[in-house]
Amino acid sequence: MKSLISILDLSVEEIEQLIATADDIIDNPDKYCEKCKRKKLATLFFEPSTRTRLSFEAAMLELGGSVIGFSEANASSAAKGESVADTAKTVSCYADIIAMRHPKEGAPLVASINACVPVINAGDGGHNHPTQTLADLLTIHREKGGLSGLTIGVCGDLKFGRTVHSLIQAMSRYSGNSFVLISPEELKLPSYVKKEVLRKNGIPYTQTTDLEQVMPKLDILYMTRVQRERFFNEEDYLRLKDSYILTPSKLKNAKESLSIMHPLPRVNEISVLIDDDPRACYFKQVLNGKYMRMALILKLLEESEG
Ligand code: NCD
């Protein structure tokens, strides 16, 4: 039985199929509205979430299934000291598929080893966030007509930002992509991602602290929030939180065809004045996330039955 813990658990072909399914769901929603009848999704969220949890729930409801779960650790037996393994074994008795978010890196993997239904990693600490990447991939595919030949700027908290780690893993598998890593010194991309993903695959990348200087060459600008909850002290967070604020004036040398992305929530990284710019894609990402989660739930349930 298959789970989704890292985006690399899906082959390039499987991602292509998920995108094709999501496109078909967008065009023919009625065809899918009973596909998961009598199936249950459990959302086990040990960390705050708006988009990820609600899009999983909306996805399952739109497939005709139902949803159980909790949205904070204190509302579960974790507060009494139950292990992730025992929680996973227990929830397997009630649900056909599990989506789990947890502050500890690796917790969804532990759950997948112990559950007897598929487990989807809905974000584990500062590590990975594969379903956000599915939302990002559908968005890039629809905006750019493909996933290759792109110069991708990722900006902000590249150290703790799990969405960035999964996106770099995913986009490194397509030909002709290169990365511009834009961050303060303290929040640079972890060396394991540079070594095991970028250098291992021969992907060109540069590192800079200066967003405006690199703006003209970018096809995609992926902004991120400084991840306050991963900092050891508030002082460092306060010093770094407003390192990059995208305003209309900073876009003056950007390509007409630039796609501006952000996994959201934004705190201060993108001025609301940019929301009406045709290059802003971040609310499209939100909607695309629901369609890709529908496609993923369908795939994993089909596989677990087959
Ligand atoms: C992201 C996350 O949880 O990592 N949010 C999301 O799922 N869309 C990004 C973030 O919290 O900054």
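Everything quoted here is computed from the prediction, not taken from an experiment.

Caption draft 1: Expanded view of the site of the ligand. Within the structure, the ligand sits among Thr52, Arg101, His129, Gln132, Arg162, Thr163, Arg225, Gln227, Pro263, Leu264 and Pro265. Arg101 places a polar side-chain atom, nitrogen or oxygen, 3.1 Å from an oxygen atom of the ligand. Surface burial for the ligand is 94%, taken as the share of its 310 Å² of free accessible area covered by protein chains. Residues that form the shell around the ligand fall into these classes: 3 nonpolar, 5 polar and 3 charged.

Caption draft 2: Representation of helix H3 (residues 84-92) in the model. Burial in H3 covers these residues: Val84, Ala85, Thr87, Ala88, Val91 and Ser92. Taken around the axis of H3, the buried residues stretch over an arc of 165°, which confines them to a single face. Packed against the buried residues of H3 are strand E1 (40-45), strand E3 (97-102) and helix H4 (107-114).

Caption draft 3: Up close: the sheet that holds strand E4 (residues 119-124). Strand order in the open sheet made by the 4 strands is E2-E1-E3-E4, with parallel pairing throughout. Since the sheet does not close on itself, it has two edges, and those belong to strand E2 (66-70) and E4, each with one partner. Ignoring which end each strand starts from, the neighbouring axes of this sheet average 15° apart. Pairing of E1 with E3 involves 5 bridges; the strand directions are parallel. Residue pairing for E3: Phe45 is matched across the bridge by Arg101.

The rules behind the values
Residues numbered from 1 in each chain as written. Predicted model: local features only at pLDDT ≥ 70, side-chain atom pairs only at ≥ 80, totals over all residues. Heavy atoms only, no water. Near = heavy atom within 4 Å. Polar contact = N/O pair within 3.5 Å; in protein donor to acceptor, adjacent residues only side chain to side chain. Areas by Shrake-Rupley, 256 points an atom, 1.4 Å probe, with all protein chains shown as cover. Nonpolar A, V, L, I, M, F, W, Y, C, P; charged D, E, K, R; others polar. Buried < 20%, exposed > 50% of the residue type's maximum accessible area, 1.4 Å probe, protein only. Helix = DSSP H or I, 4+ residues; strand = E, 2+ residues; numbered from the N terminus. Arc of directions from axis to C-beta. Contact = heavy atoms within 4.5 Å. Pairing = 2+ DSSP bridges. Axes fitted to C-alpha atoms, helices over the stretch in contact; angles between N-to-C directions.

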